[in-house]
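Take a look at the letters that make up each chain.
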Protein chains: 2
Amino acid sequence: MSQRYKHAGDAPAALKRAAQLADEIGLLSHSSSLLGWDQETYMPEAALDERAQQQALLARLMHERLAGDEMARCLDELGASPARPFGTQQLSWADQRLLRSLGRSHRRAACLNADFVSQLSVAASLGQANWIKARHANDFAHFAPYLSKLIELKRQEASLVGGGAEAYDALLDEYEPGMGAAEIATVFSKMREQLVPLVAAIGQKSSSPAYAFDALAGKNFLQAGQEQLGRAILAAMHYPTDSGRLDVSAHPFTTTVGRKDVRITTRYDQKNFFAGISSIVHEAGHALYELGVHPDLHLMLSNGCSLGIHESQSRLWENMVGRSRAFWGHFLPQLQNFLPETAGLSLQEIYQAANRVKASFIRVDADEVTYSLHVMLRFELELGIMRGELEVKDLSEAWREKSRQLLGIVPPTDSQGVLQDIHWSMGSIGYFPTYALGNLYAAMFYQQASYDIPDLEAQVGQGQFLPLKNWLCSKIHQPGAAVLPSELVQEVCGVRLDHQPFMNYLNRKYTQLYDL
Amino acid sequence: MSQRYKHAGDAPAALKRAAQLADEIGLLSHSSSLLGWDQETYMPEAALDERAQQQALLARLMHERLAGDEMARCLDELGASPARPFGTQQLSWADQRLLRSLGRSHRRAACLNADFVSQLSVAASLGQANWIKARHANDFAHFAPYLSKLIELKRQEASLVGGGAEAYDALLDEYEPGMGAAEIATVFSKMREQLVPLVAAIGQKSSSPAYAFDALAGKNFLQAGQEQLGRAILAAMHYPTDSGRLDVSAHPFTTTVGRKDVRITTRYDQKNFFAGISSIVHEAGHALYELGVHPDLHLMLSNGCSLGIHESQSRLWENMVGRSRAFWGHFLPQLQNFLPETAGLSLQEIYQAANRVKASFIRVDADEVTYSLHVMLRFELELGIMRGELEVKDLSEAWREKSRQLLGIVPPTDSQGVLQDIHWSMGSIGYFPTYALGNLYAAMFYQQASYDIPDLEAQVGQGQFLPLKNWLCSKIHQPGAAVLPSELVQEVCGVRLDHQPFMNYLNRKYTQLYDL
């Protein structure tokens, strides 16, 4: 099995050259990741302007290698056309997959000339800067023209990249290869039918979870204790200290600086220790994925196969493991040791507090039940915009209307509504759905893991995470980006994307927790 | 005056293109610096192998831009030959200097083909790895064949680069442009005549400095206190927190990650707080140089003009300021506050302890009087090797003999002798003299500063370092690498390199300290 990840030594010259260029892209990408990590953690502030120039140069060097004539000639020679992705030669599995991946990425990159990429980059910089201003001033009208420009360019991008009748699909494909808006709409619609009544049912109960959460709300949790608990959890997850780091940043993230150097960050909220701990578990889930890719695989395939699959790994650890009763049963003594303010609460109360469900305005603070509704809201608006059925000037009102329909609440300000996320301001359209797909994939994988590891919950309760980690590694992490998400799900679970495992998980957990 | 640093907007196309390539080299070099900084500070250890590949790729991209055909064509077109370095066009001062610098660097880089550079890189890797082994095992014979290979390649390099009868000069030129072995030999010989008797005279006195040093030797200084003191000194030196950082590494260093991002490191010795504090002041001297280059100057000229001039800035702050009685007079209250173990010692005792002179085996631990003798020893051996008058197999014995002549002591082991420095194992021949040149330049500059700022010592005694910093910036830092060291010294001091200011400084200070 592990032989499949090796590339053949006697590959044709064109493949060797393409693989060399791909390796250079990989090394440049990891170098760029270090520049980014440093910017968010330790960089002195006056360094910002030149850092942007350094990043722009590395981005150009990567684009030249991917989209340039030399790569085009290699791929042509190898017959890697969209219609015949592997050519006719006898290539190893890993080499075939490299070619397929390069073919896809090259085609996309080659469609966008340097001038267009530069226009998009400028519009994204202006978008971000003015989004910050607009959010601060709670003034969507200030942001609207910048967003309109970005939407116009993203429509152009979709048209340049091409690929089908639905412009949105061309954008989505960058984040979730092979996925289409139609499939997402179908699965979201089925989820919604079950999620909206579930949230409503929970809302009608004023039961203990909310009480336990409130009991913790008045306390103050020192950062040092939160970090110690976080590091104890990372050790139990077998996140390796010789290949990773935990630091602090304004927004938690994971970044791959090398095959054996995948770093995570978190932020600590002294009022709510669940926030920092959840972020640590979430980001470690991402990091284990990147670290778990088979070391023989080409460097450029040594990352996640899609944002949705990536999010499945973070969500699985954060929610299915990290918000389970078994998990907190194991960590209760350490929780009480590192954060003595929790000493008065029982395991059941901690479990309840970790799983309070309440419709709220801000996506990143949402619980696991309402979270997907936040995503559906954004997906429907994005699709409306890309199809020309909705105008940017009407987004603010449309947001409020969707929020009322999906979450039953209406944000009182745009800063808590349409201006809350950074994504659109960077030109990231088609990104949001992958967050909800991550929940669905996570539930599918966790269900499969429960079949394959019958005493999984008992192991979690004993802090034995290695069997789960190894299962995830061998089933999901090892092939990295050599597979497409649909292939991976089929291979691991034997079925297509399905919302029901996730709904079953939520129904089972919250029916019991809220006594529905 | 500041107009001179601007490049002209209407420059010829070939100059614009050469400047673009130079800017890319600058950005890649700064990115590479971040990779190096990270490796020495925060990088998880398993990341090492790929980090080496990332660095090798960036090095190749820089070499391609500097040595490649496109740069050659631009320089040809601009007439930047060694004989006519600026061409005939009307170029701004900054553009002329960029061309001169590019011409020099291009010519050198173009002489060395990729295969040779790769051979040298492999030999240096093997050299370093086996130097570590040999030093650990105290076995020079193990290291000798690797060093012989490196010497052979360095002879080839000198021959490929060419430039004169003395092979050593071709190597020296990389570190100290325009300097020759003959000039160094002359100035070293004159220094030696005065230094050897000075060290001997001090050795015959068993006076108070040694006593005060010993009184501190038994104590334990907490790292936190040392760091607080170091940061207080950095603030007084106006090392800017928005453009720099202080971190911990195994060996102290300064690195430029961006025009406005120059970072320093130190290490703390709990038994000897002078070591860590001296390193902080030393490295901050380097950092202020890099940060002081005029912001209008081309990115590729935005660094020091030679290793010797760079070392003058670190040595001036470390020794002439940081080991002065006035300096410790100002910082005594903070010293006693942050390191309460020093409370029993008077200012005179602290001053004495900071300036203990004692011949020792290890260069990096040497005081400022004996330090240059360590450098002369290495210079004479390097010159003998490069001239073929000394063989590698005889280096160990030659080291002991030179040590006896210069320092009056003989190292009992090779680890404390010929194996103590990393430089030769990396193929750095011609580097050592720049350390001693730094002392000479420092004394020349400090003497000139004392003329221009009559109350300099009184200001230092009040912790007022800004006038000195501003003087160094306007006289030495602003032109960066747009000047050659000899031009700079001539411009600032009106004379050529001279050892006497340094000897005057030592004689005055130590005659008084040791009551000679």
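Rules behind the numbers
- Residue numbers run consecutively from 1 along every chain, following the written order of its sequence.
- Chain letters and ligand numbers both follow the written order, the letters beginning at A and the numbers at 1.
- Totals for whole chains, interfaces and linings use every residue, but because this is a predicted model, local features are given only for residues with pLDDT of at least 70 and side-chain atom pairs only at 80 or more, for both listing and counting.
- Excluded from the side-chain calculation are hydrogens and water; included are all heavy atoms of the structure.
- Each helix is a run of DSSP H or I of at least 4 residues and each strand a run of E of at least 2, with the numbering of both proceeding from the N terminus.
- Each residue gets one of three labels from its accessible area relative to the maximum for its type: buried under 20%, exposed over 50%, partly exposed in between, using a 1.4 Å probe on protein chains only.
- In what follows, residue pairs with any heavy atoms lying within 4.5 Å of each other are defined as contacts.
- Reported accessibility uses the Shrake-Rupley method at a 1.4 Å probe radius. Residues are deemed covered only where the shown protein chains occlude them.
- Within this scheme the basic residues Lys and Arg register as positive and the acidic residues Asp and Glu register as negative, but His and the chain ends are omitted.
- Throughout, a charge is located at the NZ atom of Lys, the CZ atom of Arg, the CG atom of Asp or the CD atom of Glu.
- Least-squares fitting of one copy onto the other uses the C-alpha atoms of those residues that reach a pLDDT of at least 70 in both copies.
- Axis angles are defined between N-to-C directions and span 0 to 180 degrees, where every axis is a line fitted to C-alpha atoms and, for a helix, only to the segment in contact.
- When describing relative orientation, an angle under 35 degrees is termed roughly parallel and one over 145 degrees roughly antiparallel, while 65 to 115 degrees is termed roughly perpendicular and anything else oblique.
- Left-handed describes a crossing in which the near helix is turned anticlockwise from the far one by less than a right angle; the clockwise case is right-handed.
- Put simply, Ala, Val, Leu, Ile, Met, Phe, Trp, Tyr, Cys and Pro go in the nonpolar bin, Asp, Glu, Lys and Arg in the charged bin, and everything else, Gly too, in the polar bin.
- Any Lys or Arg side-chain nitrogen found within 4 Å of a carboxyl oxygen on Asp or Glu counts as a salt bridge.
- At least two bridges found by DSSP between two strands are what make those strands a pair.
- Accessible area that two parts lose when put together, with a 1.4 Å probe and added across both, is what the buried area reports.
- Aromatic contacts are taken between Phe, Tyr and Trp rings whose centres are within 6.5 Å, Trp giving its six-membered ring; a plane angle under 30 degrees counts as stacked, one over 60 as edge-to-face, and the others as tilted.
- In this scheme, Lys NZ or Arg CZ marks a charge over a ring once it lies within 6 Å of the ring centre and within 35 degrees of the ring normal.
- The predictor attaches a confidence to each residue, and that confidence, scored 0 to 100, is pLDDT.
- The span one expects for a helix is its residue count, reduced by one, times 1.5 Å.
- Bend, in this description, refers to the angle at a residue between axes fitted to the seven residues ending there and the seven starting there.
- Among buried residues, those of type Ala, Val, Leu, Ile, Met, Phe, Trp, Tyr and Cys that are joined through side-chain atoms within 4.5 Å constitute a nonpolar core.

> Report on the overall build of chain A, specifying residues and quantitative values.
Broken down by element type, chain A carries 21 helices and three strands. Its C-alpha atoms put chain A at 70 × 55 × 50 Å along the principal axes. Residue burial in chain A is summarised as follows: out of 516 residues, 56% are buried. At a minimum sequence separation of 6, the contacts of chain A that also span at least 24 residues come to 74%. Total accessible area on chain A is roughly 20,700 Å²; 51% of this is exposed by carbon and sulfur atoms. Side chains of chain A give 47 positive and 57 negative charges; the mean places of these two sets differ by 2 Å.

> Mind laying out the relation of the copies chain A and chain B, listing which residues take part and the relevant values?
Mapping chain A onto chain B calls for a rotation angle of 180° and an axial translation of 0.0 Å; the resulting RMSD is 0.0 Å. The transformation just described matches what one would write down for a two-fold rotation axis. Taken as a fraction of all interface residues of chain A, those also at the interface in chain B reach 100%, which identifies the copy contact as same-surface.

> Describe the packing of helix 5 (residues 114-137) of chain A against helix 6 (residues 140-161) of chain A, and please don't skip the residues or the numbers.
Residue and element names in this part refer to chain A. As a packed pair, helix 5 and helix 6 sit with axes 9 Å apart at the nearest point and diverge in direction by 150°. With respect to helix 6, the axis of helix 5 lies roughly antiparallel. Pair helix 5 / helix 6 crosses with left-handed handedness. When helix 5 is examined against helix 6, the residues Phe116, Gln119, Leu120, Ala123, Ala124, Leu126, Gly127, Asn130, Trp131, Lys133 and Ala134 are found in contact with a partner set consisting of His142, Phe143, Tyr146, Lys149, Leu150, Leu153, Lys154, Gln156, Glu157 and Leu160. Class assignment of the residues belonging to the contact of helix 5 with helix 6 gives a composition of twelve nonpolar, five polar and four charged.

> Now, about the packing of helix 17 (residues 433-452) of chain A against helix 20 (residues 485-493) of chain A: what can you tell me, with residues and values included?
All names here are of chain A. At their nearest, the axes of helix 17 and helix 20 sit 10 Å apart, and the two run at 25° to each other. Considered as vectors, helix 17 and helix 20 are oriented roughly parallel to each other. Between helix 17 and helix 20 the crossing geometry is left-handed. Contacts between helix 17 and helix 20 involve Tyr441, Met444, Phe445 and Gln448 on the former and, on the latter, Pro485, Leu488, Val489, Val492 and Cys493. Counted by class, the contact of helix 17 with helix 20 contains eight nonpolar, one polar and no charged residues.

> Residue-level account of the pattern of salt bridges, with values.
Residues and elements named next belong to chain A. Tallying each qualifying case throughout the model produces 64 salt bridges over all chains. Across the pair Glu380 and Arg192 runs a salt bridge, and its minimum N-O distance is 3.4 Å. Of this pair, Glu380 sits in helix 15 (residues 371-386) while Arg192 sits in helix 8 (residues 181-203), placing them 188 residues apart in sequence. According to the relative accessible area criterion, Arg192 is partly exposed, its value standing at 27%.

> Quick rundown of the pairing of strand 2 (residues 254-258) of chain A? Include the residues and the values.
Residue and element names in this part refer to chain A. Within strand 2, four of the five residues are buried, leaving the element largely enclosed by the surrounding structure. Across four bridges, the pairing between strand 2 and strand 3 (residues 261-266) is antiparallel. Bridging across to strand 3, Gly258 finds its partner in Asp261. Counted along the chain from strand 2 to the antiparallel partner strand 3, the turn is two residues long.

> Kindly report on the interface of chain A and chain B, identifying the contributing residues and their values.
Chain A puts 36 residues into the contact, and the matching count from chain B is 36 residues. Across the chain A to chain B interface the summed buried area is about 2,800 Å²; carbon plus sulfur atoms make up 61%. When the area that chain A buries against chain B is broken down by residue, the three leading residues are A:Leu27, A:Pro44 and A:Glu50, summing to 19%. Inspection of the chain A/chain B interface yields six salt bridges. The residue B:Glu24 makes a salt bridge to A:Arg60 at a minimum N-O spacing of 2.4 Å.

> Break down the packing of aromatic side chains for me, with residues and values.
Within the structure shown, the criterion is met by 46 aromatic pairs over all chains. When the centroid spacing of 5.6 Å and the interplanar angle of 75° are considered together, the rings of A:Tyr168 and A:Phe379 count as edge-to-face. One end of the pair, A:Tyr168, is in helix 7 (residues 167-175); the other, A:Phe379, is in helix 15, with 211 residues separating them in the sequence. Like A:Tyr168, the residue A:Phe379 is buried in the burial classification. Here A:Tyr175 and A:Tyr431 contribute two aromatic rings whose centre-to-centre distance is 5.1 Å and whose plane-to-plane angle is 55°, an arrangement assigned as tilted. In this pair, A:Tyr175 is assigned in helix 7 and A:Tyr431 in the loop between helix 16 (395-407) and helix 17, connecting sequence segments 256 residues apart. Given a relative accessible area of 24%, A:Tyr431 falls into the partly exposed group. One aromatic cluster is present, built from ring pairs that chain together A:Phe221, A:Phe273, A:Phe274, A:Trp317, A:Phe327, A:Trp328, A:Phe331 and A:Phe465. The cationic tip of A:Arg315 hangs over the ring face of A:Tyr371; the distance from NZ or CZ to the ring centre is 4.0 Å. Directly above the aromatic system of B:Phe432 lies the positively charged group of B:Arg378, at a separation of 5.4 Å from the ring centroid.

> How would you sum up the environment of B:Leu112? Please name residues and give values.
Residues and elements named next belong to chain B. For Leu112, the location among the structural elements is in the loop between helix 4 (93-111) and helix 5 (114-137). You can call Leu112 buried: its relative accessible area is 11%. Sequence-distant contacts of Leu112, that is, excluding residues within four places in its chain, are made with His63, Val117, Glu157, Leu160 and Val161.

> Run through the confidence of the model for chain A, naming residues and quoting values.
Per-residue pLDDT for chain A has a mean of 94; in total, 97% of the residues score no lower than 70. Both scores are given for the predicted complex: the pTM is 0.94, the ipTM 0.93.

> If you had to explain helix 13 (residues 325-338) of chain A to someone new, which residues and values would you point to?
The α-helix winds at 3.6 residues per turn, so residues separated by three or four positions along the chain end up facing the same way. Residues and elements named next belong to chain A. For helix 13, spanning 14 residues, the distance from its first C-alpha to its last is 19 Å, which sits close to the expected 20 Å at 1.5 Å a residue. Approximately 55° is the largest bend angle found in helix 13, and it occurs at Phe331, with the proline Pro333 only one to four residues beyond. All of the buried residues along helix 13 are Ala326, Phe327, Trp328, Phe331, Leu332 and Leu335.

> Quick one: what's the story with the sheet that holds strand 1 (residues 246-248) of chain A, residue by residue and with numbers?
What links the strands of a sheet is backbone hydrogen bonding, and the strands pair in either a parallel or an antiparallel sense. All names here are of chain A. The sheet built from three strands is open, its strands ordered 1-3-2 with mixed pairing. Two strands in the sheet have a free side with no partner beyond their single neighbour: strand 1 and strand 2. The mean angle between the axes of side-by-side strands here comes to 30°, regardless of whether they run parallel or antiparallel. Here three bridges tie strand 1 to strand 3, and the two strands are oriented parallel to one another. Bridge assignment links Val248 to a residue of strand 3, and that residue is Thr266.

> Outline the nonpolar core, listing residues and values.
In this structure, A:Trp328, A:Phe445, B:Trp328 and B:Phe445 are the most contacted members of the largest nonpolar core, which totals 337 residues. Residues within four places of A:Phe445 in sequence aside, it is in contact with A:Ile309, A:Ser312, A:Gln313, A:Leu316, A:Trp471, A:Ile476, A:Leu488, A:Val489, A:Val492 and A:Cys493.

> Outline the sheet that holds strand 3 (residues 261-266) of chain B, listing residues and values.
Residue and element names in this part refer to chain B. Spatially, the three strands line up as an open sheet ordered 1-3-2, and their pairing is mixed. The open sheet has two free edges, formed respectively by strand 1 (246-248) and strand 2 (254-258), since each of these has just one partner strand. Geometrically, the sheet is characterised by an average inter-axis angle of 30° between neighbouring strands, direction not taken into account.

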